[in-house]
Each structure stands twice: as C-alpha cells, then as structure tokens.
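# Coordinates in review
What follows is the residue order along each chain.
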Amino acid sequence: MFGTIKILKILSPLFILMGIGIFVCLFASRYGVIQYSSHFNIVWIEHFSKALSEGIFYPRWQTDYFDGLGAPSFYFYPALPFFILAPFWFLFSFIGQESFIFLAYGLIIGLSGITCYIAFRPLFGQKIAFICAIIYEILPYHLIVDVFDRGALSEITTYIWIPLCASLLLKGGLLHNSRHRLPVFILCYTALILSHLPLTIIISGFLCVLQILRFPNLRDTFKFIACVLCSFALASPYVIPALSLMDTIQTHVWMKAIYYKNFPFFAGDGSGICLNGLISFIYALYIIASITIILYLSLNCKEGDRKQIIAPLLVVMAGAVFLLSPLSLFIWELLPFMKFIQFPWRVLIIFDIAIVLLIGVWLKTGNGFYKKSFLALLIPIIIFIGLNVYYMPDRERAVNIEHIQEIIQYKMQHDYPSSEFITAKGDHPRNINFESNFRPNIKNSSLVKRTTDSFIFEIQKLEAPQTVELRQYDYIGWVAMIEERGETRALEIRSSHQGLIEMTLPAGDYRLTVKRTILFQEYIGYIFSLLGLLILFILWRFLPLE
C-alpha cells in the first residue's frame, strides 16, 4: 500500500502537467485549425507515419505532397517531432486530423512541462519545480504564439529539451557530479538540433553565455564545445543533407526576404492584436516581468544564486532585448548565420527559459512560499485569459493569409524554378487519392506497386520509344531501372520543363522501377553519426567522475 502511495506521489505531478498541456490545447481547438503551420503539420504527420509503416526508417520524401507532386520536406526540416508523434497517430488518428493536431500540440506542451519539472527538481525541490513547470507550459510566447497563433510544432518541441540542457550546465542541477552528465547533455542537445535548427542557434548562444560566465575555466569551456560538436556529429544524418542541399530549394533566399520585416516594433496597424502586435505586447511584458524579478532577487537572494544564475541570465536577457530591437538591424544584416534564425522574434524563447529560472530562485528565497507561488501562477493565467479575450481568429486568419501571400509574391518575382517543393500557387498541402491523380502517359502500362519512395510499372508491347513524364517533382536521388529478360539496366532521368520526372522509354516488354536512393550526403551523415555514437559510448562508460 505504501509503495503504491509512493509511486502515485512520484507520478501525479507528471500526469497533472501532461493534463494541463492537453487541456489548454484542446481548449484552443474551439477556434479550429487556423494557424498557417497546422495545415503542414497535419499532412506531414500523416505522411511521415505512413512511410514509417512501410519500413522506411528515416522518411525524407513525401510522395503525396502538393497534389501528388512530392516534396523533399524532411531533408530540410528536422524529423524528431514526427518520430515522437507517429505512434500517437497510429493510436488516435480515428479522432480526425483537426482534433489530432491539437492533441499533438497538447502532448508536446505536456512533455515540455514534464522535462522542466525533472530538470529543475534538483535545483529547487519538488514543489518549486512543479510550479515552474506549470508556468513554463503557459508562458505567452510558448503557448499563445507558438501554439495558438503559429502552430509551430517543431518550435514547441524544442521546449522539451531546453530545460534539460540548461539544468545539466548549472551547478547542483540534473546529474551534477555524475559521469553521465556530459553524455546526457550530448543526447539532449542532439534532440534540440533534430527538433528545430534556427532555435538551436539561439539556444546555443544562451548556453554559451551560461557556460562561459559560470565556468571561466578553459578546460570546462573546451569540454562544452566538444559536447556540442559530438551532438552535431550525432545529428549529421539530418544536418549534413540540410546544409549541403539548402541551395537546391533556395530556402536561404526566402529567409533573407522576410526576416527584417518581423521585428516586434516594425509592424501592427493598431487594429487589434495581429502577429507583430501580439509579439510586441509579449516583448514589453517580458521585459517588465524580468526587471521586476531581477530587482527583487538582487536585494533578497543568496550570493551564490546571484552569481551562479541571476548574473548570467541578466547578460543573456540584455542581449535578447537588444537583438529584438530595431537597433540591432545592422547585426542581422552583417552576420551571415543570423539569416538562419529567420525571424528575430524567435529570440523571445530566451525570456521563457530565463523567467522560469528566475521564478524558481524567487520561490526558493525567504518565506511566504505559498503566497509567492499563488502570485507566480496568477500572472501567466491572467495573461492567458486576457489574450484569449483579445485574440480574434478571423482577423488572425486574414493576417496569416497576407503574410503567406507576401512570401509567394516575392517568390514569383524572382522566377524560381518550378521544381521547388513550395508551389507558386500557394495552395495548402492536402492529402489526395494518389491512384486517381497519378496518371503517367505510358501506353500499355499498369502500376504494379507504389510506395512512399518507389513506383513499379509493367510495360507491355510498347511498339516504339516513348517520352513520358511522371507526376512527381524531379529531385536528386531519383533513379529508374528497367528489368527485361532477367537483366537490369539503368534508364536516364531528366527534369521536364515543369520540373517533373521525365524519361524516354524504349520499346518492348519489361518492368520499370522508379525509386529514390540514399544520397551521398546521407551516407556521410550516417558515418559521422556512428562516430558520434562511439564517442558517446566511450564517454558514458569511461568518463571519470566529476
């Protein structure tokens, strides 16, 4: 009996945090799927899960995307969020696509609260960590912007790993004085990379400042850099293709085209809370909250906490304030890697983790724990309710559509090749009946088998050579093979004037197979990943106790 009570005591905070995440996201579902990213998330989850069910370990190509034209989406976007959600899709897809996407958001928010609780428990104790985790789940940028406004599935997935990475660097934090601290940090940082690359750049800056200010020792700094490099090695199956093939779809031009227009103070016409008006409000709110808490803690907290946590966070948040203001425009223009962050307001994520850490120190100092806990919880709840009153789905939908049209217009003006995976029409991706849409003009042929990354045709009595076009985008990695009388030979694939797969079929009877192969960049990524796993194993087994 006492064992059961003990287990319930351990598990109950986890269940409550998961329940809060699911509840607030299902609460938001009354608006329907209005975020401009949710349309992509729904289709991507379904396609990714389908590919996994076909035995493809790392799905990269989506055959049914864009009315059956296909897309190399998971070369350029990290797949970890979809690996996490694929099992839930198999279990809960019967509830419908729109309901499932909000369930997915809730699961991710709940997991982020659980990891925050686990990460901060060694630092602040069970009660304070639990309150910090609740606040972490419902902070405005995390919930209102990333879930309700944007539906940014990959961004909210990074919130699962950020508290773990931060805690593993803090003195007294998770696995402090354990030989497993660095290997676990490598795994968490790898998960961060595989969730969202732009936010990884931002969080890396946060962790670097945290590391350097808290541990001026060069040995510790080099150890931190080595862990980061090992993490990138582990994530190489994604990172190397993503970076080396980026020019193939020119996503870097897209980023450069739109990032400078998205500073908090650069937009908003005063007609209610639109995207930038909402972010400007949250930006100002975070600055006021941060200054208030820091002033209080500077006067009341212990010297150790002031030096180890508050001072580094003060530097980080001051940098975030600067990067989010128009004064920093020259930095965004000057430093090439800044364009990969894409939107300056993503830096608000720094405030989320910093504010939660500061609240943890605030609750830890002095007496009046329950009174301070009530105030700490009351503030984000009031913000949440207030934003829901002013949040206008119809107006938000119009703002989102204008934003998408602006990007499409820029794209059309620059005459990009039609083989890009984002179409100039701007249609939202949707599922299709593949058999009714995929109609290659091959005479006397039948489609024998079709999978996520292959097509097999039987060609019978083709009297003369014929040029055919498959309704799939031509992208590096496609190959065509002809099997005739027990012999197999390659067939040349070229890109049609529409950017689709085109080939000239010889006369005769044979089986035609068109499939995607593993690219050279992927092989290199797997090799680096294996090296990273070897280093991780050595560190896990033989790293001396710190």
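Please read all numbers here as calculations on a predicted model, not as lab measurements.

The rules behind the values
- Residues numbered from 1 in each chain as written.
- Predicted model: local features only at pLDDT ≥ 70, side-chain atom pairs only at ≥ 80, totals over all residues.
- Heavy atoms only, no water.
- Helix = DSSP H or I, 4+ residues; strand = E, 2+ residues; numbered from the N terminus.
- Buried < 20%, exposed > 50% of the residue type's maximum accessible area, 1.4 Å probe, protein only.
- Areas by Shrake-Rupley, 256 points an atom, 1.4 Å probe, with all protein chains shown as cover.
- Contact = heavy atoms within 4.5 Å.
- Polar contact = N/O pair within 3.5 Å; in protein donor to acceptor, adjacent residues only side chain to side chain.
- Pairing = 2+ DSSP bridges.
- Axes fitted to C-alpha atoms, helices over the stretch in contact; angles between N-to-C directions.
- Parallel < 35°, antiparallel > 145°, perpendicular 65-115°, else oblique.
- Nonpolar A, V, L, I, M, F, W, Y, C, P; charged D, E, K, R; others polar.
- pLDDT = per-residue confidence, 0-100.
- Expected span 1.5 Å × (residues − 1).
- Bend = angle between axes of the 7 residues up to and from the residue.
- Salt bridge = Lys/Arg side-chain N within 4 Å of Asp/Glu carboxyl O.
- 1 Å grid on protein atoms, 1.4 Å probe; cavity = no way out; pocket = protein on both sides within 12 Å on 5 of 7 lines; lining within 4 Å.
- Points joined across faces, edges and corners; volume = space filled by probe spheres on them.
- Left-handed = near helix turned anticlockwise from the far one by under 90°.
- Core = buried A, V, L, I, M, F, W, Y, C linked by side-chain atoms within 4.5 Å.
- Patch = residues over 30% accessible without salt bridge, like charges linked within 9 Å, V, L, I, M, F, W, Y side chains within 5 Å.
- Phe/Tyr/Trp six-rings, centres within 6.5 Å; stacked < 30°, edge-to-face > 60°.
- Lys NZ or Arg CZ within 6 Å of the ring centre and 35° of its normal.

### Side note on the overall build of the protein
Of regular secondary structure, the protein possesses 23 helices and eight strands. The buried share among the 546 residues of the protein stands at 54%. Within the structure as shown, the protein displays about 24400 Å² of accessible surface, and the carbon and sulfur contribution to it stands at 66%.

### Here's the deal with the environment of Lys515
Mapped onto the secondary structure, Lys515 falls in strand S8 (residues 508-516). On the basis of relative accessibility, which here comes to 36%, the residue Lys515 falls in the partly exposed class. For the pair formed by Lys515 and Arg450, sequence separation is 65 residues and the distance between their alpha carbons is 9.7 Å. Excluding its chain neighbours within four sequence positions, the residues that come into contact with Lys515 are Asp453, Ser454, Gly477, Trp478 and Val479.

### Concerning the side chain of Thr452
Within the element layout of this structure, Thr452 appears in the loop between strand S1 (445-451) and strand S2 (454-462). A relative accessible area of 6% means that Thr452 is categorised as buried. At 2.7 Å, the side chain of Thr452 forms a polar contact with the side chain of Glu54. In contact with Thr452, not counting residues within four places along its chain, are Ala51, Glu54, Ile56, Trp61 and Thr63.

### Digging into the sheet that holds strand S3 (residues 466-473)
Across the sheet, three strands lie side by side as S3-S7-S6; this open sheet has antiparallel pairing. Of all the strands in the sheet, just S3 and strand S6 (494-495) have a single pairing partner and so form its edges. With two bridges connecting them, S6 and strand S7 (residues 500-505) associate as antiparallel partners. Directly across from Arg494, in S7, lies its bridge partner Glu502.

### So, the packing of helix H5 (residues 80-92) against helix H9 (residues 153-169)
Two numbers describe how H5 lies on H9: the axes approach to 9 Å, and their chain directions differ by 90°. Here H9 runs roughly perpendicular to H5, going by the angle between their axes. Residues Leu80, Pro81, Phe82, Ile84 and Leu85 of H5 touch H9, and the partners they reach there are Leu153, Ser154, Thr157 and Trp161. Residue composition of the contact of H5 with H9, by class: seven nonpolar, two polar and no charged.

### Remarks on the environment of Gly173
The topology assignment puts Gly173 in the loop between H9 and helix H10 (181-193). Here Gly173 falls in the buried class, since its relative accessible area comes to 5%. Sequence separation of Gly173 and Phe124 is 49 residues, and the distance between their C-alpha atoms is 9.0 Å.

### A word on the confidence of the model for the protein
Taken as a whole, the protein shows an average pLDDT of 77; of its residues, 77% reach a score of 70 or greater. At the level of individual helices and strands, the protein shows its lowest average pLDDT in helix H15 (residues 251-258), which scores 39, and its highest in H10, which scores 93. Below pLDDT 50 for its whole length, residues 249-261 participates in 33 contacts with residues either more than four positions away or in separate chains. This stretch, residues 392-437, has a pLDDT under 50; its non-local contacts, to residues over four places away or in other chains, come to 86 contacts.

### Focus: helix H17 (residues 303-323)
Under the 1.5 Å per step criterion, the end-to-end length of H17 is 29 Å for 21 residues, consistent within 8% with the ideal 30 Å. Along H17, the sharpest kink reaches roughly 35°, centred on Ile310 and followed within four residues by the proline Pro312. If you check which residues of H17 are buried, you get Asp305, Ile309, Ile310, Pro312, Leu313, Val316, Met317 and Ala320.

### Some details on the pattern of salt bridges
What the rule picks out here adds up to six salt bridges. Across the pair Glu155 and Arg346 runs a salt bridge whose closest N-O atoms are separated by 2.5 Å. Of this pair, Glu155 sits in helix H9 while Arg346 sits in the loop between helix H18 (329-334) and helix H19 (349-364), placing them 191 residues apart in sequence. Across the pair, exposure class does not vary: Glu155 and Arg346 are buried alike. Its salt-bridge partner being Arg485, residue Glu484 comes within 3.3 Å of it at the nearest N-O pair. Using a relative accessible area of 13% as the deciding quantity, one classes Glu484 as buried. Arg485 gets classed as exposed once you look at its relative accessible area, which sits at 78%.

### Some remarks on empty space enclosed by the protein
If you walk through the whole model with that rule in mind, you get one cavity of 30 Å³ or more. Approximately 40 Å³ is the volume attributed to the largest cavity. Taken together, His47, Lys50, Gln62, Thr63, Asp64, Arg450 and Thr452 make up the full set of residues lining the largest cavity. Its residues assigned to classes, the lining of the largest cavity comprises no nonpolar, four polar and three charged.

### Things to note about the side chain of Arg346
By relative accessible area, which is 4% here, Arg346 ends up buried. Once residues within four sequence positions are removed from consideration, Arg346 is found in contact with Tyr141, Arg150, Glu155, His196, Pro198, Leu199, Ile202 and Ile341.

### Some words on the packing of H9 against H19
It is at 11 Å that the axes of H9 and H19 come closest, and there the two elements cross at 45°. Our classification of the angle between H9 and H19 gives oblique. Crossing angle aside, the handedness with which H9 passes H19 is right-handed. Judged by residue contacts, Thr158, Tyr159, Ile162 and Pro163 of H9 engage Ile349, Asp352 and Ile353 from H19. Tallied by class, residues from the contact of H9 with H19 come to five nonpolar, one polar and one charged.

### Observations regarding the nonpolar core
Residues Phe120, Leu348, Met503 and Leu512 are the most contacted members of the largest nonpolar core, which totals 157 residues. The contact partners of Leu348, leaving out residues within four places of it in the chain, are Tyr141, Ile279, Ile282, Tyr283, Tyr286 and Leu324.

### Notes on a nonpolar patch on the surface
Together, Phe322, Leu327, Phe330, Leu334, Leu335 and Phe337 give the surface a local cluster of nonpolar side chains, amounting to about 620 Å² of exposed area. As for its placement among the helices and strands, Leu327 is situated in the loop between H17 and H18.

### Topic: the packing of aromatic side chains
Counted according to the given criterion, the structure contains 25 aromatic pairs. Both rings, one in Trp44 and one in Phe74, keep their centres 5.3 Å apart while their planes meet at 70°; by these two values the pair is edge-to-face. Here the residue Trp44 occupies a position in helix H2 (residues 38-53), and Phe74 occupies one in helix H4 (residues 73-76), the gap between them amounting to 30 residues. The same class applies to Trp44 and to Phe74, which are both buried. Here a set of aromatic residues connected by ring pairs shows up, and it is made of Trp44, Phe48, Phe57, Tyr58, Phe74, Tyr77, Phe82 and Phe83. It is Arg60 that lies over the ring of Tyr58; its NZ or CZ is 4.0 Å from the centre.

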